Amino acid sequence: MPFDTWLTSQLGIRIPLVQGGMMWVGKADLVSAVANAGCLGFLTALTFETPELLRAEIRKCRSMLEADAVQFGVNITLLPAINPPDYMAYAKVAVEEGVRVIETAGDPSKILKYIKDNGCTVIHKCVTLKHALRAEKLGVDCISIDGIECAGHGGEYDSTSLVLLSLCAEQLQIPYLASGGFANGRQFAAALALGAAGVNMGTRWMTTKEAPIHPNVKDAIVKATENDTILVLRKFRNTTRLHKNKVSMEVFKIENTKKDVEFRDVAHLMSGKRGKGVYETGDVDAGVWSLGMCSGLIHDVPSCKELALRLQREAEEALEKTSVLRNARARL
Ligand code: FMN
């Protein structure tokens, strides 16, 4: 194990790479493959309509683990909603089923005490230093800091991963993960150099053999450049990065041209059901789907094991090749 960080020493992860929660994608097929590769994957609770369906998925995931698999976790995304899901019921199922790592996003306070009291390690996803410091105070164990490069909700301030990670290095007392824009080993090395305990990725894991989505979507990501994403919903302070397709461009147009625009003007286009349909049918223009800028760095569809080992090797090479210091010393 070339890398020794909080993720490896505290959670027994072999390669400090994390697969963050992904709506409709973070299912047993992917999460077990990530765990079998020695990395930390998260089943995404709200993908399952009821807590009992999450229970069944946790059991399925466990049944797919190989002898040397590492543990996996559950993501619980607590975003403001008109009819919020029963977050606590999802948390209870995770705890009852023996899950010991929870990734939270949004406001973790509703479930934090319960999951901490039950021995879970909490990795909290956020997009500003202010929220990271607040979560640290609330008692989470680790921060996963997402730069604006990320797929999905990158917040309203557009801070980049490079700046956020450097701020975390300066101001956080707890470990932090680099998230948003990461897809290769050079970046992995850079994240470690910035003091991160590992790298969290979404888009890159989505483009693996085991990701349970239609191959057309994976092909579209391989073809996409870093310019093929679009930020929408800024008008509603709910900015989200999506694949630039017919539907997301329509959302962008409406929100930026309609007078007195309201969310309901675009709600039919943003529907989660339509997005789910993209992954099932492979029609990449059927609805909106999250995509990160690192799509420009993704050129193939490897297995999770191939990907993890590749990133580890590339990171090692990058750190060894960073010979400026060594060469300078040798010249002395
Ligand atoms: N993050 C969450 O906390 N909850 C989610 O439900 C969620 N859904 C996502 C769905 C997709 C398809 C993708 C690509 C990302 C999603 N994310 C979600 C964000 C990822 O967990 C991760 O933070 C992000 O993808 C990192 O940026 P990257 O895509 O540049 O690697």
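Quick look at the structure, then. Since we're looking at a predicted model, the values are computed, not measured.

Time to look at the sheet that holds strand S1 (residues 17-19). The strand order around the closed barrel built from eight strands is S1-S2-S3-S4-S5-S6-S8-S9, with neighbouring strands paired in parallel fashion. For this sheet, the mean inter-axis angle between neighbouring strands, taken without regard to orientation, is 25 degrees. Bridge count between S1 and strand S2 (residues 40-44): two bridges; the pairing is parallel. Paired with glutamine 19 across the bridge in S2 is glycine 41.

Taken across its nine residues, helix H2 (residues 28-36) has eight buried, putting it largely inside the fold. Restricting attention to buried positions, one finds in H2 the residues Ala28, Leu30, Val31, Ser32, Ala33, Val34, Ala35 and Asn36. Buried-residue contacts for H2 involve S1, S2, helix H3 (51-63), helix H9 (203-206) and helix H14 (304-321). Phi for glycine 38, located one or two positions after H2, is positive at around 85 degrees.

A few words now on the site of the ligand. Neighbouring the ligand are 23 residues; Gly21, Thr77, Gly181, Gly202 and Thr203 lie closest to it. Separating an oxygen atom of the ligand from a backbone N or O atom of glycine 181 is a distance of 2.8 Å. For the ligand, the accessible surface in isolation is 600 Å², of which the surrounding protein chains cover 92%. The set of elements that each furnish at least two residues to the shell around the ligand consists of strand S3 (73-78), strand S9 (199-201) and H9. Taken together, the residues that form the shell around the ligand break down as nine nonpolar, twelve polar and two charged.

Two orientations exist for strands paired in a sheet by backbone hydrogen bonds: parallel and antiparallel. Pairing is antiparallel in the open sheet, where three strands are placed in the order S7-S11-S10. The open sheet terminates on both sides in strands that have one partner only, identified here as strand S7 (152-153) and strand S10 (229-232). Direction of pairing for S10 relative to strand S11 (residues 240-243): antiparallel, over a ladder of four bridges. Within S11, the residue paired with leucine 231 across the bridge is arginine 241. In this fold helix H11 (residues 246-257) packs onto S10 and S11, with an angle of close to 35 degrees to the strand it touches most, S10.

Considering the arrangement of structural elements, one finds serine 179 in strand S8 (residues 176-179). Its relative accessible area of 2% is what places serine 179 among the buried residues. Here aspartate 146 takes part through its side chain, which lies 2.6 Å from a polar atom of the side chain of serine 179. Those residues in contact with serine 179 that lie beyond four places of it in its chain are Ser144, Ile145, Asp146, Gly147, Ser161 and Asn200.

The rules behind these values
Residues numbered from 1 in each chain as written. Predicted model: local features only at pLDDT ≥ 70, side-chain atom pairs only at ≥ 80, totals over all residues. Heavy atoms only, no water. Pairing = 2+ DSSP bridges. Helix = DSSP H or I, 4+ residues; strand = E, 2+ residues; numbered from the N terminus. Axes fitted to C-alpha atoms, helices over the stretch in contact; angles between N-to-C directions. Buried < 20%, exposed > 50% of the residue type's maximum accessible area, 1.4 Å probe, protein only. Contact = heavy atoms within 4.5 Å. Near = heavy atom within 4 Å. Polar contact = N/O pair within 3.5 Å; in protein donor to acceptor, adjacent residues only side chain to side chain. Areas by Shrake-Rupley, 256 points an atom, 1.4 Å probe, with all protein chains shown as cover. Nonpolar A, V, L, I, M, F, W, Y, C, P; charged D, E, K, R; others polar.

Without other data, these values stay purely geometric and don't point to any function.
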